[in-house]
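The lines below spell out each chain.
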Amino acid sequence: MKLLLGAMNSNNRGVKISAFQCLIEFVKIYYDYLKEFYVPVWEATSTAIIGNDKELAILAIEVWNVIANEDKERANNDV
């Protein structure tokens, strides 16, 4: 996870895009382990969301969309 977070802050746009794509998949698979990383993920994604690169912004929003969907799915399974 730390490697992904570092890559999300890279100066290389391609590396950033790949890191965000990997993070989306990471969230789907390792959701249970993500909570301790919410703050650094928020810092990296919020920077991308308010930045000038629309593709990165969309990927950053998708990270939180996946987290919200996973939260919702797990809440529905608990009922």
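Our structure's up above, just so we're on the same page.
These numbers were taken from a predicted model, which means no experiment stands behind them.

### Focus on the nonpolar core
As a rule of thumb, soluble globular proteins bury nonpolar side chains together. With 24 residues, the main nonpolar core has Met1, Phe20, Leu23, Leu34, Val41 and Val63 as its most contacted residues. Examining the composition of this core, we find that 7 residues originate from one element, helix H2 (residues 13-29), more than from any other. Beyond its immediate sequence surroundings of up to four residues, Leu23 is in contact with Met1, Leu4, Met8, Val41 and Val63.

### Comments concerning the pattern of salt bridges
Any two side chains of opposite charge can pair if their charged atoms end up close together. Following the criterion strictly, the structure yields 5 salt bridges and no others. Here Asp53 makes a salt bridge to Arg13, at a shortest N to O gap of 2.4 Å. On the criterion of sequence distance, the pair formed by Asp53 in the loop between helix H3 (38-50) and helix H4 (54-78) and Arg13 in helix H2 is long-range, its members being 40 residues apart. One salt bridge in this structure joins Glu70 and Arg74, with 2.7 Å as the shortest N-O distance. With Glu70 and Arg74 both in helix H4 and 4 residues apart, the pair spans about one turn of that helix. Judged by relative accessible area, which is 16%, Glu70 ranks as buried. By relative accessible area, which is 31% here, Arg74 ends up partly exposed. Overlapping salt bridges bring together Arg13, Asp53 and Glu55 as one network.

### Comments concerning the environment of Asp71
Looking at where Asp71 falls in the secondary structure, it is placed in helix H4. When the C-alpha atoms of Asp71 and Glu36 are compared, they prove to be 15 Å apart, with 35 residues separating the residues in sequence.

### Considerations on the packing of aromatic side chains
One pass over the structure, following the stated rule, counts 4 aromatic pairs. Seen in terms of ring centroids, Phe26 and Tyr30 are 5.1 Å apart; in terms of plane orientation they differ by 40 degrees. Their pairing is tilted. Both rings, one in Trp42 and one in Trp64, keep their centres 5.9 Å apart while their planes meet at 70 degrees; by these two values the pair is edge-to-face. A residue pair is termed long-range when its members are at least 10 positions apart, and Trp42 in helix H3 and Trp64 in helix H4 qualify at 22 residues. Given a relative accessible area of 47%, Trp42 falls into the partly exposed group.

Parameters and conventions
Residues numbered from 1 in each chain as written. Predicted model: local features only at pLDDT ≥ 70, side-chain atom pairs only at ≥ 80, totals over all residues. Heavy atoms only, no water. Core = buried A, V, L, I, M, F, W, Y, C linked by side-chain atoms within 4.5 Å. Buried < 20%, exposed > 50% of the residue type's maximum accessible area, 1.4 Å probe, protein only. Helix = DSSP H or I, 4+ residues; strand = E, 2+ residues; numbered from the N terminus. Contact = heavy atoms within 4.5 Å. Salt bridge = Lys/Arg side-chain N within 4 Å of Asp/Glu carboxyl O. Phe/Tyr/Trp six-rings, centres within 6.5 Å; stacked < 30°, edge-to-face > 60°.

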